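A closer look at the structure
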Amino acid sequence: MLCAKCQELCSSIDPHQDNDIDHYGIVEELCTSANSGCLLCKLIHKAFKEKPYESINALSMVTIKTKRNIGIEVSLVDPAPKLAGSKSLVVYVIFQSIDLPRRFKSTLQLLEDSNDTNTGSEAAFQLTSAWLEECLETHKRCLASATGDPPLPRRVIDVGSIEGDDLTEPYLLETFGQRGKYLTLSHCWGGGSPIKTTKENIERHWNEIKLANLPRTFRDAVHVTRKLGYKYLWIDSLCIIQDDRKDWEFEAVMMHQYYKQSLLTIAAAAGNNSDAGLFQDRDGLNNRPVKLQFTDINSSSRQLYAYTNSMSFELQISSLSSSYKPIPLYDRAWVFQEQALSPRTLTYAQDRSSWRCQEMLFDERAPLVKSIEEFIKNYKTVNIVPRGGDPRSTDATIAKLQRKWIFPAPIPRPGYSFMNIGNHERHCYLPEDEFLMDWGKIVQDYTQRDMTYHSDKLIAIQGIADAVAPIVSRTYFAGIWDESMRSVFMGLLWSSKKRRSKQLHKLDIAPSWSWASTDGVVTWMGYLLCQLESRIKILELKRSGTAVKATAELIAEVNLRPAFVEDNKVFSVISWPEESTETLSMESINASPNSRLPLDMLETPVALDESLGSNVQVWFAELASGKVHAQQHRKEVHCLVLISCGDNPSAFRRVGYSIWKESKWTSPELPEARRKTLRIL
C-alpha cells in the first residue's frame with residue numbers, strides 16, 4: 001500500500017535523473033502517512049528513527065531529491081536549529097531492480113497484506129517454504145551433492161504427523177539403517193541443556209518426549225520440521241546418550257555425515273541458550289524492501305524495490321546495522337563444522353530468517369536473493385580486513401570453504417585461489433599448497449571460537465577433516481595433514497596467543513607441535529611468507545591415538561640454537577653448554593650473564609604456548625624461511641621454541657614460536673647453530 005504522495009512520486013520521477021520531488025512538507029505529515037499504512041513513508045520514517053540523534057522535531061521540513069541511478073535522498077531540516085550551522089538529517093533510499101524467481105514474486109505479493117509479526121508466523125513460513133522449494137526444484141549444484149534418501153542417523157526425533165498435528169508427542173527413534181530425509185538443529189547449549197538423553201531415561205524417550213518438557217528452541221525446531229513437511233529431526237543432546245562416553249565418541253565421529261547428509265540445518269541464531277527459541281516478535285514489513293511500480297517518461301512500466309542501507313544484507317552496503325552484531329551461535333567451536341558441513345542452512349536471527357545453500361542466499365532483507373559466487377566475490381573485495389563478529393563475514397568464509405572443499409563442483413576448478421586475501425600472489429606458493437594454506441585459515445577461524453570443554457578441540461573439527469579428506473586425497477592426524485612431509489611441515493607453521501584475559505595452557509590431547517595442543521587462538525604463520533622454504537628435515541612421524549586424543553613422535557633433523565628465558569619474557573641466546581643436547585633438561589641452569597646475548601623482542605618476537613617460569617633452558621629450532629609479503633626485500637626465519645622433556649632427556653616438546661630476520665639468525669655475532677636430530681613429542 002502506498003499513499004497518494006508516494007504513488008505520485010512513482011508516476012512522476014525518472015530514477016535516472018536528479019530532480020526535486022514534491023512530497024509531504026513536514027515530518028508530522030510523513031509520520032501520519034506511515035502510521036496509516038504507506039509502506040514507503042514507513043520505510044523513510046523508520047530510517048530516521050534509527051539515526052543516533054535526538055528526537056526528531058515533528059515540524060521539521062521534509063525535502064526529497066532523486067539521486068541518479070541510486071534512489072532518493074530524504075532530508076529533514078529543523079525549522080529552528082539549536083546551533084548555528086547544524087546539519088540536516090539525511091537518509092538514502094535505494095531503488096533497485098531485483099530479478100526474483102516467479103514463486104518468490106507471488107509469495108511476496110501475498111505477504112504485503114499479511115499479519116507478519118513474528119519470525120514463526122504463517123507468512124514467514126510461506127517465504128521459507130518458497131526458498132526450500134526453489135532449491136529442491138532448480139538448484140542443480142545442491143541436488144548433485146545428495147541424491148535419494150540418505151541413511152538416517154543412528155537416532156532421530158520422530159516429530160509425529162507430517163500434517164503438523166501439534167497434539168502428537170515426538171519420540172526418540174532407533175533407526176537401524178533406515179533411510180529418509182531429516183533436518184538437523186544447530187544451537188547454543190548455554191551452559192547445559194534442560195533435557196538430555198541419558199542411560200536412565202532413554203527407554204522413556206523411545207516412547208515419547210513431551211513437547212512441554214522441551215526447551216523453547218527444541219519445540220520451535222519440531223514446529224519447523226512439521227511445517228516444512230518432514231518427519232525426522234536430529235538434535236545432539238537428545239540423539240546422543242550424554243552420559244555414555246562410548247556412545248558420545250562414536251556419534252561425535254559420525255557428526256560430519258549427519259550434517260552433510262541432512263536436508264536442512266536449522267540455525268538458532270537468536271539467543272545463547274536452548275530456551276531462547278527460534279521465533280522472535282518483529283514487524284516483517286520493517287525488513288522487506290517495498291515494491292514500487294514506476295512509469296517512465298515513455299509511459300513504460302517497470303518494477304523496482306526500495307530499501308535503506310540498514311535493510312540490506314550485502315557486505316559492501318551495510319556493516320553498521322544492529323542486525324549484524326556478533327551472534328552467540330557463531331562464536332561456538334562445535335558450530336563451525338555444523339555450518340561448514342550443512343548443504344542448506346535456515347537461520348533464525350533476532351528479527352528475520354535467512355537461507356544459504358550451495359547456489360544462493362535468500363533473505364527477508366534486500367536484495368532478497370544473491371548468488372553464492374557474487375556473495376563470495378563481494379566479500380573478498382570488501383573484506384581485506386575481516387569484520388570481526390559480523391555474521392555475514394562468517395557466512396562468506398563458510399560459503400568459500402564449502403565451494404572449494406566440502407561440496408566442490410563436479411568439474412575441475414580453473415587455476416587456484418587462496419581463501420586468505422592479503423598480498424598473496426600465485427608465484428608465492430606451489431599449487432599443491434593451496435589446500436594447506438586454506439586449512440590454516442580454517443584453523444584460525446575455528447580457534448577464535450569458544451569451547452566449554454577444551455578436551456573437545458580435536459573431535460569438534462574432525463568432521464570437516466573427514467569430509468574433506470577424500471576430496472583432496474590427503475590423510476589427517478591430530479589437526480594437521482600428514483600424507484607427505486611437506487604437509488607435516490606446513491602444519492607446524494603456527495603461533496598462539498591467549499584468549500582475552502586468560503592465560504595460555506597446554507592441552508593433553510595432541511602432540512605439542514600440533515595447534516590442538518594449546519587452548520589459545522592460533523595464527524597460521526605461513527601467511528606471512530612468500531616462496532616458503534622448509535629448513536627442517538622431517539624423517540619420520542610415529543603416531544597413535546584416536547580422534548579425541550592423539551599422541552605422536554616427530555623425528556626431525558633441524559638447526560638448533562640454545563637460549564635462556566627469564567620470567568617468560570626475556571630471551572637470551574647463549575653459548576652451547578659442554579654437555580650434549582641429549583642430557584639437557586628443564587632444570588634451572590647457571591648461564592653466566594656475560595655469556596648471554598639478549599634478544600630485542602620487537603625485532604625478534606617470541607610467542608609462548610604456555611608459561612615457562614624463570615631460568616629455563618630453551619632451544620630455537622629453525623623451521624622455515626621466506627620473503628615477507630609486504631617487504632619482498634626482507635627475508636625471515638621462523639623457529640619453533642623447544643624445551644627438553646624432564647622425564648625423557650632425549651626428547652623435546654614445543655613451547656612456542658619465534659620469528660627472526662634472516663640476517664639476525666645468520667649473524668656471526670651469535671653462537672653457531674648446530675644440526676641435530678631430535679624427537680619432538
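Residues numbered from 1 in each chain as written. Predicted model: local features only at pLDDT ≥ 70, side-chain atom pairs only at ≥ 80, totals over all residues. Heavy atoms only, no water.

**What to know about the overall build of the protein chain**
Looking only at helices and strands, the protein chain features 17 helices and 29 strands. Expressed as a percentage of its 681 residues, the buried residues of the protein chain come to 56%. Looking at the protein chain as shown, the accessible area adds up to about 29500 Å², and 50% of this sits on carbon and sulfur atoms. (Helix = DSSP H or I, 4+ residues; strand = E, 2+ residues; numbered from the N terminus. Buried < 20%, exposed > 50% of the residue type's maximum accessible area, 1.4 Å probe, protein only. Areas by Shrake-Rupley, 256 points an atom, 1.4 Å probe, with all protein chains shown as cover.)

**Points about helix α1 (residues 4-12)**
Listing the buried residues of α1 in full gives Cys6, Leu9 and Cys10. Projection of α1 onto a plane perpendicular to its axis shows the buried side chains occupying an angular sector of 95°, all on one side. Exposed positions of α1 whose direction lies more than 90 degrees from the buried face are Ala4 and Ser12. (Arc of directions from axis to C-beta.)

**Comments concerning the pairing of strand β5 (residues 155-158)**
Burial along β5 is two-sided: the residues Arg155 and Ile157 and Val156 and Asp158 are all buried. Looking at chain direction, β5 and strand β6 (residues 171-174) are connected through four bridges and run antiparallel. By the bridge assignment, valine 156 is partnered in β6 with leucine 173. In this sheet, strand β8 (residues 232-234) lies alongside β5 in antiparallel orientation, the contact comprising two bridges. Bridging across to β8, isoleucine 157 finds its partner in leucine 233. (Pairing = 2+ DSSP bridges.)

**Side note on the sheet that holds β5**
Here we have nine strands laid out as an open sheet, ordered β6-β5-β8-β7-β9-β12-β13-β14-β15, and mixed in their pairing. Of all the strands in the sheet, the pair left with one neighbour each is β6 and β15 (369-371). Between one strand and the next, the sheet's axes are offset by a mean angle of 25°, whatever the strand orientation. In the sheet, strand β13 (residues 353-356) pairs with strand β14 (residues 360-363) via three bridges, with the strands oriented antiparallel. Considered in β14, the bridge of serine 354 is made with aspartate 363. Strand contacts of helix α5 (residues 122-138): β12 (345-348), β13 and β14, with the helix running at about 5° to β13, the strand carrying the most contacts. (Axes fitted to C-alpha atoms, helices over the stretch in contact; angles between N-to-C directions. Contact = heavy atoms within 4.5 Å.)

**Notes on the packing of helix α11 (residues 333-341) against helix α13 (residues 391-406)**
Relative orientation of the contacting elements α11 and α13 amounts to 60°, with a least axis distance of 9 Å. Regarding the angle of α11 to α13, the classification is oblique. Classified by chirality, the crossing of α13 by α11 is right-handed. In this structure, α11 contributes Phe336, Gln339, Ala340 and Leu341 to the contact, and α13 contributes Thr394, Ile398, Leu401, Gln402 and Ile406. When the residues that make up the contact of α11 with α13 are grouped by side-chain class, the tally is six nonpolar, three polar and no charged. (Parallel < 35°, antiparallel > 145°, perpendicular 65-115°, else oblique. Left-handed = near helix turned anticlockwise from the far one by under 90°. Nonpolar A, V, L, I, M, F, W, Y, C, P; charged D, E, K, R; others polar.)

**Concerning the packing of aromatic side chains**
Applying the stated rule across the entire model yields 22 aromatic pairs. Aromatic pair tryptophan 439 and tyrosine 476: ring centres 5.6 Å apart, planes at 75°, arrangement edge-to-face. Of the two residues, tryptophan 439 is situated in helix α14 (residues 434-447) and tyrosine 476 in strand β16 (residues 476-477); the sequence distance between them amounts to 37 residues. The exposure classification of tryptophan 439 matches that of tyrosine 476, with both residues buried. An aromatic cluster is present here, built from Trp405, Phe435, Trp439, Tyr476 and Trp481 joined pairwise through their rings. Sitting over the face of the ring of phenylalanine 125, lysine 227 holds its NZ or CZ atom 5.6 Å from the ring centroid. The aromatic ring of tryptophan 665 is capped on one face by arginine 561, whose charged end is 4.4 Å from the ring centroid. (Phe/Tyr/Trp six-rings, centres within 6.5 Å; stacked < 30°, edge-to-face > 60°. Lys NZ or Arg CZ within 6 Å of the ring centre and 35° of its normal.)

**Concerning the nonpolar core**
Ranked by size, the top nonpolar core spans 137 residues in total, and within it Trp439 and Trp515 carry the most contacts. The element that contributes the greatest number of residues to this core is helix α15 (residues 459-472), accounting for nine residues. Beyond its immediate sequence surroundings of up to four residues, tryptophan 515 is in contact with Trp439, Val443, Tyr446, Thr447, Lys457, Ile461, Gly479, Ile480, Trp494 and Val522. In this structure, Leu2, Cys3, Ala34 and Leu43 belong to the second largest nonpolar core, which totals 37 residues. (Core = buried A, V, L, I, M, F, W, Y, C linked by side-chain atoms within 4.5 Å.)

**A closer look at the side chain of serine 517**
Within the element layout of this structure, serine 517 appears in the loop between β18 (494-497) and β19 (521-524). Excluding its chain neighbours within four sequence positions, the residues that come into contact with serine 517 are Trp494, His505, Lys506, Leu507, Ala510, Pro511 and Ser512.

**Focus: the pattern of salt bridges**
Evaluation of the coordinates by the stated rule reveals 43 salt bridges. The residue arginine 245 makes a salt bridge to glutamate 249 at a minimum N-O spacing of 3.1 Å. Residue arginine 245 and its partner glutamate 249 are both found in helix α10 (residues 245-260); the two are separated by four residues, about one turn of the helix. Relative accessible area serves as the criterion here: at 44%, arginine 245 is assigned to the partly exposed category. The partner of lysine 549 in a salt bridge is aspartate 508, and the shortest N-O contact between them spans 3.3 Å. Of this pair, lysine 549 sits in the loop between β21 (537-545) and β22 (550-566) while aspartate 508 sits in the loop between β18 and β19; the two residues are 41 residues apart in sequence, bridging distant segments of the chain. According to the relative accessible area criterion, lysine 549 is partly exposed, its value standing at 40%. By relative accessible area, which is 61% here, aspartate 508 ends up exposed. (Salt bridge = Lys/Arg side-chain N within 4 Å of Asp/Glu carboxyl O.)

**Quick look at the confidence of the model for the protein chain**
Within the protein chain, residue pLDDT values average 84, and 87% of them lie at 70 or more. Segment residues 584-589 is flagged for pLDDT under 50; beyond a separation of four residues in sequence, or across chains, it makes 18 contacts in the model. (pLDDT = per-residue confidence, 0-100.)

**Comments concerning the pairing of strand β10 (residues 290-295)**
Side chains Val290, Leu292 and Phe294 of β10 all project onto a buried face; the interleaved residues Lys291, Gln293 and Thr295 project onto a face where none is buried. One ladder, built from six bridges, connects β10 with strand β11 (residues 301-307); its direction is antiparallel. When the bridges of β11 are listed, threonine 295 appears paired with serine 301.

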